[in-house]
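# Chain and residue survey
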Amino acid sequence: QVQLVESGGGLVQPGGSLRPSCAASGSIFRLYTMGWYRQAPGKQRELVAAITRGGTTNYADSMKGRFTISRDNAKNTVYLQMNSLKPEDTAVYYCNAKPPSVYASDYWGQGTQVTVHS
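Below is a short write-up of the structure. Keep in mind that what you see is a predicted model, and the values were worked out from it rather than measured.

### Re the overall build of the protein
Scanning the protein for helices and strands turns up 0 helices and 11 strands. Starting at the N terminus and walking to the C terminus, you meet the elements of the protein as β-β-β-β-β-β-β-β-β-β-β. For 118 residues, the compact-globule formula gives about 13 Å, and the C-alpha radius of gyration of the protein, at 14 Å, lands near that figure. If one aligns the C-alpha atoms of the protein with their principal axes, the spans along those axes are about 40 × 25 × 25 Å. By residue count, 42% of the 118 residues in the protein fall in the buried class. When contacts within the protein are restricted to residue pairs at least 6 apart in sequence, long-range pairs at least 24 apart make up 53% of them. Carbon and sulfur atoms provide 48% of the accessible area of the protein, an area that totals close to 6,400 Å². Computed over 12 positive and 7 negative side-chain charges, the inter-centroid distance for the protein is 5 Å.

### What to know about the state of the cysteines
Applying the stated criterion across every chain, the model contains 1 disulfide. There is a disulfide in this structure between Cys22 and Cys95, and the S-S distance comes to 2.1 Å. Where Cys22 bonds to Cys95 through sulfur, the torsion about that S-S bond is close to -80°, and the disulfide is left-handed. Separated by 73 residues along the polypeptide, Cys22 in strand β3 (residues 21-24) and Cys95 in strand β9 (residues 91-98) bring together distant segments of the chain. Owing to a relative accessible area of 0%, Cys22 belongs among the buried residues under this scheme.

### Some words on the pattern of salt bridges
Going through the model one piece at a time under the given rule, you end up with 5 salt bridges. For Asp89, the salt bridge goes to Arg38, with nearest N and O atoms at 2.9 Å. With Asp89 in the loop between β8 (77-82) and β9 and Arg38 in strand β4 (residues 33-39), the pair connects residues that are 51 residues apart, well separated along the chain. Residue class for Asp89 comes out buried when judged on its relative accessible area of 1%. A salt bridge links Asp61 to Lys64; its shortest N-O distance comes to 3.2 Å. The structure contains a network of salt bridges with shared partners spanning Arg38, Glu46, Arg66 and Asp89.

### Examining the environment of Thr33
Assignment of secondary structure puts Thr33 in strand β4. Thr33 sits in the partly exposed class, given a relative accessible area of 24%. If we ignore the near neighbours within four places in the chain, the residues touching Thr33 are Ala50, Ile51, Thr52, Arg53, Arg71, Asn96, Ala97 and Lys98.

### What about the environment of Val12?
Relative to the helices and strands, Val12 resides in strand β2 (residues 10-12). With 74 residues separating them in the primary sequence, Val12 and Lys86 have C-alpha atoms 9.3 Å apart.

### Focus: the side chain of Arg38
Relative accessible area serves as the criterion here: at 8%, Arg38 is assigned to the buried category. Looking at Arg38, its side chain comes within polar contact range of the side chain of Asp89, at 2.9 Å. Within the structure, the side chain of Arg38 is placed 2.9 Å from the side chain of Tyr93, a separation counted as a polar contact. In this view, Arg38 contacts Gln44, Arg45, Glu46, Val48, Ser62, Met63, Phe67, Glu88, Asp89, Ala91, Val92 and Tyr93; residues no more than four positions away in its chain are not counted.

How each quantity is defined
Residues numbered from 1 in each chain as written. Predicted model: local features only at pLDDT ≥ 70, side-chain atom pairs only at ≥ 80, totals over all residues. Heavy atoms only, no water. Helix = DSSP H or I, 4+ residues; strand = E, 2+ residues; numbered from the N terminus. Rg over C-alpha atoms; globule rule 2.2 N^0.38 Å. Buried < 20%, exposed > 50% of the residue type's maximum accessible area, 1.4 Å probe, protein only. Contact = heavy atoms within 4.5 Å. Areas by Shrake-Rupley, 256 points an atom, 1.4 Å probe, with all protein chains shown as cover. Lys, Arg positive; Asp, Glu negative; His and termini not counted. Charge placed at Lys NZ, Arg CZ, Asp CG, Glu CD. Disulfide = S-S within 2.5 Å. Salt bridge = Lys/Arg side-chain N within 4 Å of Asp/Glu carboxyl O. Polar contact = N/O pair within 3.5 Å; in protein donor to acceptor, adjacent residues only side chain to side chain.

So, to be careful, I would describe these as geometric facts and stop short of saying anything about function.
Okay, structure coming up:
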């Protein structure tokens, strides 16, 4: 079992920055692909960014150049640096952990609210 706890969301003005983090339990964090997803009211959950155990990153097109995902395996933590935030970035941001086995289910955090509003 893996437990994911997000923190670091909040209210920010357009153009501002936030850096939510996701702390994971368990000793095999380093083997998981970690990701951030978001869900805005009335919309489907969508991928924001992901990082493999080898450090390869992947971003949704609208986040490229503004968001950076990183991980610290020593701290079992994944981060999402969000810059140049826009009102349309307002959503609940969820941390996701994909086990190395295709037969295992993903793990999800409880989500952290990010609101971009002047």
